[in-house]
Every structure is written in structure tokens, then in C-alpha cells.
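As a plain string of letters, each chain reads:
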Amino acid sequence: MEGLEVTVLLGLTILAGTMLAPRLRVALPLVLVVFGLLLGFVPALREVQLPPETVLLLFLPVMLYWESITTSLRSIRRDFRYILPMSTLLVVASAFAVAAVGTLFGVPWEIALILGAAVAPPDATAVAALGRLLPRRGFMKLKAESLTNDGTALVLYAIAVSLAMGGNISPLSVTMTVVVSYLGGIAAGAVVAALAWALLRRMTTTIAINVAMLLVPFTAFLLAELIHASGVLAVVVAGLIVAFLGPRISTAASRRQAEAVWPFGVFLLNGALFVLIGLEVQWVVHQTSFEMIGRLVLVTLAVWATLLVVRFLFQLLSAPFQRIAGTPQHPRGLRTRARVVSTVAGMRGAVSLAIALSVPLTMPDGSPLAGRDEIVFVTAGVILLSLLVQAPALPAIVRWAGFPVDHAEDEEYELAERAISGAAMAALDDLATEHAISAEVRDRVRREGYERLELANARAMARERALIDAEVGAMEAMLDTPDPLAATTGDARADTDADADLVDGVGGPSVLSDLPDGTTLQMIATSEDVDLLQRSPLLRHEELARLKLAMLEHKRGVLHGLRRAGTVDDLVVRRISARLDLEQVRLQGIEDVD
């Protein structure tokens, strides 16, 4: 099929899935995979291939970069002792366990190791799309793990392919490959982030900043590939650094534009990948002989079960080494349920299929590489089982785990809001003096600031009260609930009365309704009662905007100080920063900001 036809078809499929998934109460990726499987019954569509270089060089940098800049650095630092072995040692253990299972079914050792490298890492895009049902900390741990484990899998893949091609592999060469891949990837990401810092500091226009931001992941991936390092790790490192430096190298308008564009673009890429996975599974099945399908299905089931068992056992055996002295431990039953949830949440996705499709077709002497079709079939089957079995089961397993409700993020958000508002109010007089603001405007901003601070306190108290009421309601289920209709009717009546007062008040619409069209504007423009020497509304508005902008900058400084101190999580900072940016854009306007 032509490229334009495929693009339109993918777009229509994503649109249909987006409309259908909420009605079916099923996760969108699952619907898209099923749509891809159904489309695969059309012979012409079955020929639509998923080029591995497209995933590794086009889709993957964008999606990894977005997941990196929306990841909590504090969570990574806090759970680094968990994330590091899960993204390295677990990948190696999973790959070799799968290779051992493959040899039991007659697969040559080198081919089985390639298969293990392909299916070992949980996929970042699948985790991001399907793992949000997890508690916040568990989701962040799994997300950080899946962002970095692709590098380990690609190193293993390169070693396994060298073995299959008859290359000479020694402990020294393996060590050098690992060192260059990891250290080179980290260095490439850091270098690109430093170049972005130097370049973006000199930019002020929204479009230029976001174009430069878009180039960061591709440049990091390219630089890492040139030095034979991990492009995945380079993109992740660059994204984490840029996320930390974001407030200093971007503007409020550029951040608002990026917040709107990046999620939409990543959503489209994710949707296209899940549809293409379904199509690819159909292609693989039709390329496999009927005699081999039964055997390969057994291999697929065995590999999928092995991955689940190895992940659970690895968490169980490594738990004593991940504990930090002095930290409180959860009850044993809850820890076991958390491991079960983490095991089920480790789903495979498009990266595994891209690795499998990257396996060379021929040996150096030109003969076909035996076992390549088996690798692609089993990898596609494992991905399908992940998406169609693990993902639908995850909500029920999370409910079974019975995790305690975590209000830490809400509490930190309220704490940060009150802290930055209180700091801005404390600095109001100094800011007004510094920016030559009149007492009238300063007092108006002070009143608004105290109202906002009172609102933040009231919201915190309301949330705590709601938690108490929920607990009381659970214990006293027989109590009558208040009638929401009466409250709504009362509120509506109050709003109606207030509107009536406004209409009947001085200067309301009823006063001006008797005037001819255009009289009001003419009266204001030509009235001799207006004193042009007094402080005009325009001057007061300009002072008000200048003072509010100064307060926004002060709030940002306090907010990022809280982040540096570790008091507030990066995700909370991101939420509050988005609100502050929106206020600044409203005050200045897009054109003025640029």
C-alpha cells in the first residue's frame, strides 16, 4: 500500500479505538492491538511492515525523551538500589533463562540467546500506557526501570548476534562492549544536554526553543550510535538533565506549547505502534509453516511463563540487598503482593519486536540464518500475551493487592502551594518597592494573595475532612446521605439571586439597556468628567501585571528551592509550574512573551 493510504488508515484506526475504548472500559492499547490483528486479515494490509530502524531511530527517541522529562528524579534517586539491578541484572538473568528454555525445545544456543535479549526488557511505552493503575511510587520505579533496561538488552543482542555469526567473543570484549555502551551513552546524553543548555539560553522565541528541544533526543541518539554506545541511555540521560534545567532554558510560552504538542505526538506514535504490532503478528503467523506453529506456540507460552517467574524470583531474592537500614518495612504479605503486581506490570512491547526484526537474514557467507523466523514468531507471541493477558488482568490484581491509598502527592502539592504563596506575600512589599508599584495596586494584590492562600488552606482542610468523612461513612453505612439535588437547587437559587442583584445594581445591564446603540462608548470617550491627569486604568493595569509577574518569578524561585531540597517531588513541581506558566501567558500574552 502507498504511504499516504497507510497513514490515513492508521489515523482512522487510532480515532476509532479512541472512541471505542472508553465505551468498552478497556485500555486503548489493547483495542488498538486487536484492531491491528483484525486488519491483518486483509492480505494487502498484512504486507505493511514495521521496519526496525523506524522504531529504533524515529519512534523510540521521541517516546523515551518524553517519558524521561516526565519522570521524577527524586524517585530515581530514592529507589536507585531497586532500579539499577532490575534494569541490568534482571535483563541478563531473563535473557539467559529464556535461552535455556529455548534450548530445551531444540533451538540452537546462539539463536535462543538472541531471543532472550529481545524479550528480556519490559517496554517503556507499554508501561507508560498501561501501568498508571499502579501506586505512584511503584509506577515510577517500573517506569525508570523500563527507560534504562533497553540499553542492557541491546548490548546482549549485539553479543548474541556476534556469536551466531561466528565471531570471536572473549570476556575482555564483552566487558569493553558493556563499558562503552553504558559510559558512552551517559556521556553522549550529557554532552548533548550541555550543548542544548548553551544554545537554548540564547533563544527567546517559542518556536525556536521547541524546535531545539525536538532535536535533543535525535541528536543524543545519533551521537551515541556514532561511538557505538547506547542510544537509549543517551536519550534518557539527556531528557533527565533537560527536565531539571527546563525552567532556565525555556520560557513560559514555550513550555505551554510543548505541554500541548508533546503528549499529542507521543499519543499518536504509541497508537500507531500498537496497531502495527497487531499487523506484524498477523504477518509473522502467515509467514510460518503450519507444521511449526504448534511447536512455536508451546515455545512462546514457555518463554512468557519463564519471564514472569524469573521477574518474581529476582525481586524476591534481591530484596535483602535493596533494603536501606533504618527505613520502615511494609508487612510481609503486602511486599509479596507488590512483587506480584510488579511482575504482571512488566509488559513487552514494540522495542522487543524491533530487536527481533533486526536479526540479520543471512550469515557472512550468504547462507540463511537458521532460526530467525522462530525468533520473530516467539517475540511477537510474547508481546501479544503481554498486552492481551497481563494488561487486562492488571486492574484486578492491583485491587487484590490492596495497596494503602497514597496521598503523598496531594499533600506535597498543597504544601508547595502554601509555601510559595506565603513566600510571595512576605516579599510583596519589597517587590512593590523594587518595581515602583503604587500602594493602591500593592494592596489589591495583597488582598488577592491572602484570598488565594486562604483557598489553598481551605482545600487542604477539605481534603482531610473528606478522608475523615469517608472513613466514618464506611463504618456507619446505615447513615442517610445528604440529598445532592437539594444542595444543587440551593446553589442554583443563590446564583440566580446574585445575578438578579447584579442586573438591578448600579452600572448593571438594566441601567445601560435604555441607551441607544453606541451611546456608552461615546459617553466614556468624550465625557468631560474624566480627569486625564489622574492615574489611568491602563497605568494601574500595567503596574498590576508587572507586580504579578515579579511575584510569579519569586514563586518559581521558592518552588525550585523546594525541589532542590527534596521537599517536593519533580512531578508536583511540574504541575505547579504549568499553572504559573499559564498565569504568566495570560498576563503577557503569547506575542509579548515571544
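Residues numbered from 1 in each chain as written. Predicted model: local features only at pLDDT ≥ 70, side-chain atom pairs only at ≥ 80, totals over all residues. Heavy atoms only, no water.

Undergrad: Help me understand the overall build of the chain in this model?
TA: Of the regular secondary structure elements, the chain holds 27 helices and zero strands. Going through the 594 residues of the chain one by one, you find that 46% of them count as buried. Within the chain, contacts between residues separated by at least 24 positions form 82% of all contacts whose residues are at least 6 apart in sequence. Carbon and sulfur atoms make up 66% of the accessible area of the chain, which totals about 30,300 Å². (Helix = DSSP H or I, 4+ residues; strand = E, 2+ residues; numbered from the N terminus. Buried < 20%, exposed > 50% of the residue type's maximum accessible area, 1.4 Å probe, protein only. Contact = heavy atoms within 4.5 Å. Areas by Shrake-Rupley, 256 points an atom, 1.4 Å probe, with all protein chains shown as cover.)

Undergrad: Teacher, can you tell me more about helix 1 (residues 3-24) here?
TA: It helps to recall that an α-helix has 3.6 residues per turn; residues three or four apart then point in one direction. Over its 22 residues, helix 1 extends 31 Å from the first C-alpha to the last, a length consistent with the 32 Å expected when each residue adds 1.5 Å. When helix 1 is considered as a whole, its buried residues turn out to be V6, L10, T13, I14, G17 and A21. On its buried side, helix 1 packs onto helix 2 (28-39) and helix 14 (252-287). Note on helix 1: the residue one or two positions beyond its end, R25, has a positive phi of about 55°. (Expected span 1.5 Å × (residues − 1).)

Undergrad: Sorry if this is basic, but what is going on with empty space enclosed by the protein here?
TA: The method is simple in principle: a probe with the dimensions of a water molecule rolls over the atoms, and the space it marks as empty is what remains. One pass over the full model with this rule turns up four cavities of 30 Å³ or more. Its boundaries defined by the atoms lining it, the largest cavity holds a volume of some 520 Å³. Taken together, 30 residues line the largest cavity, and the ones lying closest to its centre are A243, G246, R255, E259 and R574. At seven residues, the largest contribution of residues to the lining of the largest cavity is made by helix 26 (residues 570-588). Taken together, the residues of the lining of the largest cavity break down into 15 nonpolar, eight polar and seven charged. (1 Å grid on protein atoms, 1.4 Å probe; cavity = no way out; pocket = protein on both sides within 12 Å on 5 of 7 lines; lining within 4 Å. Points joined across faces, edges and corners; volume = space filled by probe spheres on them. Nonpolar A, V, L, I, M, F, W, Y, C, P; charged D, E, K, R; others polar.)

Undergrad: It is not clear to me how the packing of aromatic side chains should be interpreted in this structure. Could you clarify?
TA: Describing an aromatic ring pair means giving the distance of the ring centres and the angle of the ring planes. Counted according to the given criterion, the structure contains three aromatic pairs. Judged by centre distance (5.3 Å) and plane angle (50°), the ring pair of Y65 and W262 falls under tilted. In this pair, Y65 sits in helix 4 (residues 52-69) while W262 sits in helix 14, placing the two residues 197 residues apart along the sequence. The exposure class assigned to W262 is buried, which follows from its relative accessible area of 11%. Taking 6.1 Å as the distance between ring centres and 40° as the angle between the ring planes, the aromatic pair formed by F96 and W109 counts as tilted. With F96 in helix 7 (residues 89-104) and W109 in helix 8 (residues 109-119), the pair connects residues that are 13 residues apart, well separated along the chain. Note on F96: relative accessible area 38%, which makes it partly exposed. Here K141 stacks its cationic end above the ring of Y82, 4.2 Å away from the centre of that ring. (Phe/Tyr/Trp six-rings, centres within 6.5 Å; stacked < 30°, edge-to-face > 60°. Lys NZ or Arg CZ within 6 Å of the ring centre and 35° of its normal.)

Undergrad: Got a minute to help me understand helix 12 (residues 206-226) in this structure?
TA: The end-to-end C-alpha separation of helix 12 is 31 Å, in line with the 30 Å expected for 21 residues at 1.5 Å each. For helix 12, the principal kink sits at V216 and spans about 30°; a proline, P217, occurs within the next four residues. Taken residue by residue, helix 12 has T206, I209, N210, A212, M213, V216, P217, A220, F221 and A224 as its buried positions. Residues of helix 12 that are buried sit in contact with helix 4, helix 11 (171-200), helix 13 (231-249) and helix 14. (Bend = angle between axes of the 7 residues up to and from the residue.)

Undergrad: Just to check I follow, could you spell out the confidence of the model for the chain for this structure?
TA: In low-pLDDT segments, the atomic positions of the prediction should not be examined closely. Looking at the chain as a whole, the pLDDT averages 81, with 86% of positions reaching at least 70. Low pLDDT, under 50, characterises residues 483-534; the stretch is placed with 13 contacts to residues that sit more than four places away or in other chains. (pLDDT = per-residue confidence, 0-100.)

Undergrad: Could you clarify how one ought to interpret the side chain of D581 in this entry?
TA: Within the secondary structure layout, D581 lies in helix 26. For D581, a relative accessible area of 3% gives the class buried. Residues within four places of D581 in sequence aside, it is in contact with A252, R255, R256 and R556.

Undergrad: What exactly am I supposed to notice about a nonpolar patch on the surface here?
TA: A cluster of nonpolar residues, L4, V8, L12, L15 and M19, forms a patch on the protein surface that exposes about 530 Å² of accessible area. Following the sequence through the fold, L12 ends up in helix 1. Judged by its relative accessible area of 51%, L12 is exposed. (Patch = residues over 30% accessible without salt bridge, like charges linked within 9 Å, V, L, I, M, F, W, Y side chains within 5 Å. Salt bridge = Lys/Arg side-chain N within 4 Å of Asp/Glu carboxyl O.)

Undergrad: When you look at the pattern of salt bridges in this model, what are you seeing that I'm missing?
TA: Working definition: two side chains of opposite charge can pair if their charged atoms are close together. In total, this model carries 19 salt bridges according to the counting rule given. Between E417 and R579 there is a salt bridge, and its shortest N-O distance comes to 2.8 Å. Of this pair, E417 sits in helix 19 (residues 408-426) while R579 sits in helix 26; the two residues are 162 residues apart in sequence, bridging distant segments of the chain. As a salt-bridge pair, R556 and D581 come within 2.8 Å of each other at their nearest N and O atoms. A residue pair is termed long-range when its members are at least 10 positions apart, and R556 in helix 25 (residues 537-564) and D581 in helix 26 qualify at 25 residues.

Undergrad: What am I meant to see in the packing of helix 2 against helix 14 here?
TA: Each pair of packed helices can be summarised by the angle the axes make with each other and by the distance between the axes. Contact geometry for helix 2 and helix 14: axes closest at 7 Å, N-to-C directions at 40°. Compared by their axis directions, helix 2 and helix 14 come out oblique. Note that helix 2 runs across helix 14; the crossing there is right-handed. Together, L28, P29, L32, V33, G36, L37 and L39 of helix 2 and F267, G271, F274, V275, G278, L279, V281 and Q282 of helix 14 make up the contact between the two elements. A per-class count over the contact of helix 2 with helix 14 returns eleven nonpolar, four polar and no charged. (Axes fitted to C-alpha atoms, helices over the stretch in contact; angles between N-to-C directions. Parallel < 35°, antiparallel > 145°, perpendicular 65-115°, else oblique. Left-handed = near helix turned anticlockwise from the far one by under 90°.)

Undergrad: When you look at unusual backbone geometry in this model, what are you seeing that I'm missing?
TA: Among all residues except glycine, the phi angle is most often negative; among peptide bonds, the trans geometry is most common. Of note, R25 is a non-glycine position whose phi angle comes to about 55°, a positive value. Mapped onto the elements, R25 comes out in the loop between helix 1 and helix 2. Taking the relative accessible area as the measure of exposure, R25 reaches 80% and is therefore exposed.

Undergrad: Sorry, what's going on with a negative patch on the surface here?
TA: Judged by side-chain charge, D406, D410, E411 and E464 come together as a negatively charged surface patch. Structurally, the position occupied by D406 is in the loop between helix 18 (372-401) and helix 19. (Lys, Arg positive; Asp, Glu negative; His and termini not counted. Charge placed at Lys NZ, Arg CZ, Asp CG, Glu CD.)

Undergrad: I keep staring at the nonpolar core and nothing clicks. Help me out?
TA: Across soluble globular proteins, nonpolar side chains show a tendency to be buried alongside one another. Formed by 132 residues in total, the largest nonpolar core has its most connected members in Y65, I114, L134, V303 and L394. A per-element tally of this core places helix 18 first, with 15 residues. The contact partners of V303, leaving out residues within four places of it in the chain, are V98, L115, V119, V378 and V382. Of all hydrophobic cores here, the second largest spans 13 residues; its members include M425, L428, I437 and L547. (Core = buried A, V, L, I, M, F, W, Y, C linked by side-chain atoms within 4.5 Å.)

Undergrad: Hey, could you run me through the environment of V91 in this one?
TA: Checked against the element boundaries, V91 lands in helix 7. Its relative accessible area of 1% is what places V91 among the buried residues. It is 6.6 Å that separates the C-alpha atoms of V91 and A153, two residues lying 62 residues apart in sequence. In contact with V91, other than residues within four places in its own chain, are M86, A120, N149, T152, A153 and L156.

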